[in-house]
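One-letter residues, chain by chain:
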Amino acid sequence: MPQSRDFAPRLMQAASAAHYLGVSISKLLRLEIPSKFDGGNRFYDRTDLDAYADQLPYEGENRQLSGW
């Protein structure tokens, strides 16, 4: 049975991180978002995912993206 959470976990594996951003796993892996490793597991930090989403331009905005 899937668990229901009232909050997003701080560290997420690729499938959860992709879902959090609303992109496919293959798209997530192509983005230059830093990841962390624990043993053989790759994790994405929610703060890095939020920073990536925050730097995206709104539709109609004309500005340069930097850092990603």
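The structure this text deals with has already been given above.
Residues numbered from 1 in each chain as written. Predicted model: local features only at pLDDT ≥ 70, side-chain atom pairs only at ≥ 80, totals over all residues. Heavy atoms only, no water.

(A) Broad picture of the pattern of salt bridges. Across all of its chains, the model carries 2 salt bridges by this definition. Taking the shortest distance from any N to any O, the salt bridge between Arg 10 and Asp 45 comes out at 2.8 Å. Of this pair, Arg 10 sits in the segment before strand E1 (11-12) while Asp 45 sits in strand E3 (residues 41-45), and the two are 35 residues apart along the sequence. The class for Arg 10 is partly exposed, based on a relative accessible area of 47%. Judged by its relative accessible area of 2%, Asp 45 is buried. Salt-bridge contacts for Lys 36 lead to Asp 45; the nearest nitrogen and oxygen are separated by 3.2 Å. A single network of salt bridges, built from pairs that share partners, joins Arg 10, Lys 36 and Asp 45. (Salt bridge = Lys/Arg side-chain N within 4 Å of Asp/Glu carboxyl O. Helix = DSSP H or I, 4+ residues; strand = E, 2+ residues; numbered from the N terminus. Buried < 20%, exposed > 50% of the residue type's maximum accessible area, 1.4 Å probe, protein only.)

(B) Just the nonpolar core, in detail. Judged by nonpolar contacts, Met 12, Ala 14, Ala 17, Ala 18, Leu 28, Leu 31, Ile 33, Tyr 44, Leu 49 and Tyr 52 together constitute the single largest core of 10 residues. Looking at this core, the elements with two or more residues in it are helix H1 (14-21) and helix H3 (46-55). The greatest single-element share of this core, amounting to 3 residues, is contributed by H1. (Core = buried A, V, L, I, M, F, W, Y, C linked by side-chain atoms within 4.5 Å.)

(C) Summary view of the sheet that holds strand E2 (residues 36-38). On the basis of which strands lie adjacent, the open sheet formed by 3 strands has the order E1-E3-E2 and antiparallel pairing. Each edge of the open sheet carries a strand with a single partner, namely E1 and E2. Strand direction decides the pairing type here: E1 and E3, joined by 2 bridges, are antiparallel. Note on E3: the bridge partner recorded for Met 12 is Tyr 44. Sitting on the sheet, H3 touches E1 and E3, and the angle it makes with E3 is about 55 degrees. (Pairing = 2+ DSSP bridges. Contact = heavy atoms within 4.5 Å. Axes fitted to C-alpha atoms, helices over the stretch in contact; angles between N-to-C directions.)

(D) Structural context of the environment of Pro 34. Relative to the assigned elements, Pro 34 resides in the loop between helix H2 (25-30) and E2. Between the C-alpha atom of Pro 34 and that of Asp 45, which follows or precedes it by 11 residues, the distance is 8.1 Å.

(E) Just the packing of H1 against H3, in detail. Orientation of H1 relative to H3, taken along the N-to-C sense of each, is 35 degrees, at an axis distance of 11 Å. In terms of crossing hand, the pair formed by H1 and H3 is right-handed. Here Ala 17, Tyr 20 and Leu 21 of H1 lie close against H3, whose contacting residues are Arg 46, Leu 49, Asp 50, Tyr 52 and Ala 53. Residues of the contact of H1 with H3, tallied by class, amount to 6 nonpolar, no polar and 2 charged. (Left-handed = near helix turned anticlockwise from the far one by under 90°. Nonpolar A, V, L, I, M, F, W, Y, C, P; charged D, E, K, R; others polar.)

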